[in-house]
Amino acid sequence: MRPVRRQRGAVIIIVLWTSVLLTILVTVMAAKVQLSARTALHNQTASFDLAAIMTAMNHAEMELMLERMAIPVGFQPETDSEGQFRIPAYRFNGQPLTLAYPVDEEMVVRIYDHAGKINLNRMPREQMRLLIENRLGEGHDPDQVEQLLGAWTDWTDLNDIANINGAENAYYQNLDPPYSARNNPELETVAELRLIRGFDELFRGVDLEAAFTVHGNGRTVNLNLATREAMQLLPGMDEELIEQIIALRQEKDFRNKAEVGELVPLEQMTELSNWIGNNTSSFYSIYVYPKSAEFDTVYAYRQIIEVRSFSSRGQVYEVDPYARLPAF
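On a predicted model such as this, the values are computed, not experimentally measured, just so you know.

What follows concerns the overall build of the protein. Helices and strands together make up the secondary structure of the protein, namely 10 helices and nine strands. Each of the 328 residues in the protein was classed as buried or not, and the buried ones make up 40%. At a minimum sequence separation of 6, the contacts of the protein that also span at least 24 residues come to 62%.

A word on the sheet that holds strand β8 (residues 299-306). With antiparallel pairing, five strands are arranged side by side in an open sheet as β1-β2-β7-β8-β9. Of all strands in the sheet, those bounded by a partner on one side alone are β1 (93-96) and β9 (315-324). The mean angle between the axes of side-by-side strands here comes to 20°, regardless of whether they run parallel or antiparallel.

Next up on the list: the nonpolar core. Residues I118, F199, F203 and F212 are the most contacted members of the largest nonpolar core, which totals 46 residues. Those elements that place two or more of their residues in this core are α2 (125-136), α3 (142-156), α5 (199-202), α6 (208-211), α7 (228-233), α8 (239-248) and α10 (266-272). Judged by nonpolar contacts, the second largest core, of 19 residues, contains A52, A60, L97 and M107.

Right, let's get into a negative patch on the surface. Negative charge collects at one region of the surface, where D49, D104, E105 and E106 lie side by side. As for its position among the elements, D49 is in helix α1 (residues 2-66).

Quick look at α3 now. When the terminal C-alpha atoms of α3 are compared, their 21 Å separation across 15 residues agrees well with the 21 Å that a helix rising 1.5 Å per residue should span. Listed as buried for α3 are V145, L148, L149, G150, A151, W152, D154, W155 and T156. Those residues of α3 that are buried lie in contact with α2, α4 (169-172) and α5. The opening residue of α3 is D141, an N-cap whose side-chain oxygen sits 3.0 Å from the backbone nitrogen of D143.

On to unusual backbone geometry. Here the residue pair D176 and P177 is connected by a cis peptide bond, since its omega of 0° sits within 30 degrees of zero. Relative to the helices and strands, P177 is located in the loop between α4 and α5. One non-glycine residue with positive phi stands out, namely N165, at about 70°. Summarising the element assignment, N165 is placed in the loop between α3 and α4. Here the phi dihedral of N183 falls at roughly 50°; this positive angle occurs in a residue that is not glycine. In this fold, N183 is placed in the loop between α4 and α5.

Thresholds applied
- Residues numbered from 1 in each chain as written.
- Predicted model: local features only at pLDDT ≥ 70, side-chain atom pairs only at ≥ 80, totals over all residues.
- Heavy atoms only, no water.
- Helix = DSSP H or I, 4+ residues; strand = E, 2+ residues; numbered from the N terminus.
- Buried < 20%, exposed > 50% of the residue type's maximum accessible area, 1.4 Å probe, protein only.
- Contact = heavy atoms within 4.5 Å.
- Pairing = 2+ DSSP bridges.
- Axes fitted to C-alpha atoms, helices over the stretch in contact; angles between N-to-C directions.
- Core = buried A, V, L, I, M, F, W, Y, C linked by side-chain atoms within 4.5 Å.
- Patch = residues over 30% accessible without salt bridge, like charges linked within 9 Å, V, L, I, M, F, W, Y side chains within 5 Å.
- Areas by Shrake-Rupley, 256 points an atom, 1.4 Å probe, with all protein chains shown as cover.
- Salt bridge = Lys/Arg side-chain N within 4 Å of Asp/Glu carboxyl O.
- Lys, Arg positive; Asp, Glu negative; His and termini not counted.
- Charge placed at Lys NZ, Arg CZ, Asp CG, Glu CD.
- Expected span 1.5 Å × (residues − 1).
- Polar contact = N/O pair within 3.5 Å; in protein donor to acceptor, adjacent residues only side chain to side chain.

Laid out in structure tokens, this is it:
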């Protein structure tokens, strides 16, 4: 009897282990099926979102092309509280837009004219000095200013000869990883600014893409279009003044420096005057993202595009599917 009992016990143990293994196998398979289903759903959602984003991007480009068409007969432009016509081109200052060709209601489109940014490729040496001093703040070290200015000068000159306080290939080639100085007054990207000796630390915490541009010929910043990040870097600006400008330009346009001067104290206006103008450009940053993504920090699909005419498509210079949206 004992051998029979032992056999029965062994069979029971085998059956139990088989049940456990089958349970584990079924659980794993179910989890894999569930994961596959979720992956398929997310891929489908991502595909729909990408299609909606690209549609919105194309409609935004069309909006910029329409801006270059003649004003239709009988068109009634928006007016401010004083009865003056608003300038339509100034709506490209990063505010959410309702386009002539509607987009998916779940998509947000914001367009930034690069006339609202500081142009690195059109900045005289003395303006760069003022920008550096303003960034360092009161009580800055004059030697540090000269070091930074010298590095900027060497990066943007046409030779490999280091100036006093400067930095050329001999310096950059000893870094890890090594690289070469630009040695050209035309920077290719805004991010290149961080490669210049000392500038990564100088602009730490600054969203460079929002504050600067390397496109166009403008030397001034249009406050009707200016990003918050660009205004924060301009001499003569402070946070209170920036908030006033952003709030006021929703109601009216700044048409000249005199109107800006009514808002800015004289001492600050003296510093600010040479930095501001009323120019627009043909270069834009278009940001598209779902409404559901609106948190403290928003990442969006971005294109930098040049639109010169209503009769031809724009030229795309840069695409970033995960760009950080400038501060509102």
